[in-house]
Amino acid sequence: MEDDSDKFKILFVCTGNICRSPTAEAILALRLKGAGMGSECEVDSAGIEDWHAGSPPDERSVETAHYRGYDMSGLKARGIRRQDFADFDLIIGLDNRHVETLKRRAPAAAAGKIKLLGEFGDGREVADPYHRERSAFDEVFDQIERYCNGLIIHLKKCLTERD
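Definitions and limits used
Residues numbered from 1 in each chain as written. Predicted model: local features only at pLDDT ≥ 70, side-chain atom pairs only at ≥ 80, totals over all residues. Heavy atoms only, no water. Helix = DSSP H or I, 4+ residues; strand = E, 2+ residues; numbered from the N terminus. Expected span 1.5 Å × (residues − 1). Buried < 20%, exposed > 50% of the residue type's maximum accessible area, 1.4 Å probe, protein only. Contact = heavy atoms within 4.5 Å. Axes fitted to C-alpha atoms, helices over the stretch in contact; angles between N-to-C directions. Parallel < 35°, antiparallel > 145°, perpendicular 65-115°, else oblique. Left-handed = near helix turned anticlockwise from the far one by under 90°. Salt bridge = Lys/Arg side-chain N within 4 Å of Asp/Glu carboxyl O. Core = buried A, V, L, I, M, F, W, Y, C linked by side-chain atoms within 4.5 Å. Nonpolar A, V, L, I, M, F, W, Y, C, P; charged D, E, K, R; others polar.

## With respect to helix α1 (residues 20–34)
Part 1 of the reasoning: Here α1 is 15 residues long and its end C-alpha atoms lie 21 Å apart, about the 21 Å a rise of 1.5 Å per residue gives.
Part 2 of the reasoning: Inspection of α1 places Arg20, Ser21, Pro22, Thr23, Ala24, Glu25, Ala26, Ile27, Leu28 and Leu32 among the buried residues, and these make up the whole buried set.
Part 3 of the reasoning: Turning to α1, the residues buried within the fold contact β1 (8–14), β2 (41–47), α2 (59–68), α4 (96–105) and α5 (135–162).
Part 4 of the reasoning: Looking one or two residues past α1, Gly36 carries a phi angle of roughly 75°, positive in sign.

What follows is the structure in structure tokens.
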């Protein structure tokens, strides 16, 4: 079994962990592999709330992912746990409300780990597509793909600084 204790660990967080954060998890995981960084990083996702714990991602997210070449099979929703603040190197909220909630719940030592995904792009929040039309899921994927490009640049710097 591979030792993952030295991997750089990234956690994406949205409201219920069925739309935006599993989308970000699937996109970043594949992009990290493509950048040759898959063995150096671990990606996970969680929800501020645990309403959907154990459920797969929203079928609209899964369909959009499949169409774009991402695999969301095997992903199951979960709520964020206190231990996540210690276990992850970077905790990324998908909108400002997530970031604010995470900072309120985080121990003081973990506050610097919390970022808005938009910080790795144009600074915008990723809007929740759940109660919107089907095309909103495409918009979310487009936005998260762009932000993950910036995130990978950031992760390369983090990994270089670790060495």
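Still to come is the rest of the account.
## Notes on the packing of α2 against α5
When two helices pack together, their arrangement is captured by the angle between the axes and the distance separating the axes.
Part 1 of the reasoning: α5 packs onto α2 with a crossing angle of 55° between their chain directions and a minimal axis gap of 10 Å. If you check the angle between α2 and α5, you find them oblique. The element α2 and its partner α5 pack so that their crossing is right-handed. Contact residues: α2 offers Arg60, Ser61, Thr64, Ala65 and Arg68, while α5 offers Phe137, Asp138, Phe141, Asp142 and Glu145.

## Remarks on the pattern of salt bridges
Part 1 of the reasoning: A full pass over the atoms with the stated rule returns 13 salt bridges.
Part 2 of the reasoning: The partner of Asp128 in a salt bridge is Arg20, and the shortest N-O contact between them spans 3.6 Å. Here Asp128, found in the loop between β4 (114–116) and α5, pairs with Arg20, found in helix α1; they are 108 residues apart in sequence, far enough to count as distant.
Part 3 of the reasoning: Under the relative-accessibility criterion, Arg20 is labelled buried at 2%.
Part 4 of the reasoning: Note that Arg132 is salt-bridged to Glu139, the shortest N-O span being 3.0 Å.
Part 5 of the reasoning: One network of salt bridges, with partners in common, ties together Arg31, Arg68, Asp138, Asp142 and Glu145.

## Focus: the nonpolar core
Part 1 of the reasoning: Among the nonpolar cores identified, the biggest contains 32 residues, and Ile10, Phe12, Leu28, Leu117, Ile144, Leu151 and Leu155 are the most heavily contacted of them.
Part 2 of the reasoning: Among the secondary structure elements, those contributing two or more residues to this core are β1, α1, β2, β3 (90–93) and α5.
Part 3 of the reasoning: Broken down by element, the residue count for this core peaks at 10 residues, all from α5.
Part 4 of the reasoning: Sequence-distant contacts of Leu155, defined by excluding residues within four places in its chain, comprise Phe8, Ile10, Leu28, Leu32, Met37 and Leu90.
Part 5 of the reasoning: Ala46, Ile48, Ala110 and Leu116 belong to the second-largest nonpolar core, a separate cluster that totals 14 residues.

## Quick word on the packing of α1 against α5
Part 1 of the reasoning: As a packed pair, α1 and α5 sit with axes 9 Å apart at the nearest point and diverge in direction by 50°. Between α1 and α5, the angle is such that the two are oblique. Crossing of α1 against α5: the hand is right-handed. Judged by residue contacts, Arg20, Thr23, Ala24, Ile27, Leu28, Arg31 and Leu32 of α1 engage Val140, Phe141, Ile144, Glu145, Cys148, Asn149, Leu151, Ile152 and Leu155 from α5.
Part 2 of the reasoning: Of the residues in the contact of α1 with α5, the class split is 11 nonpolar, 2 polar and 3 charged.

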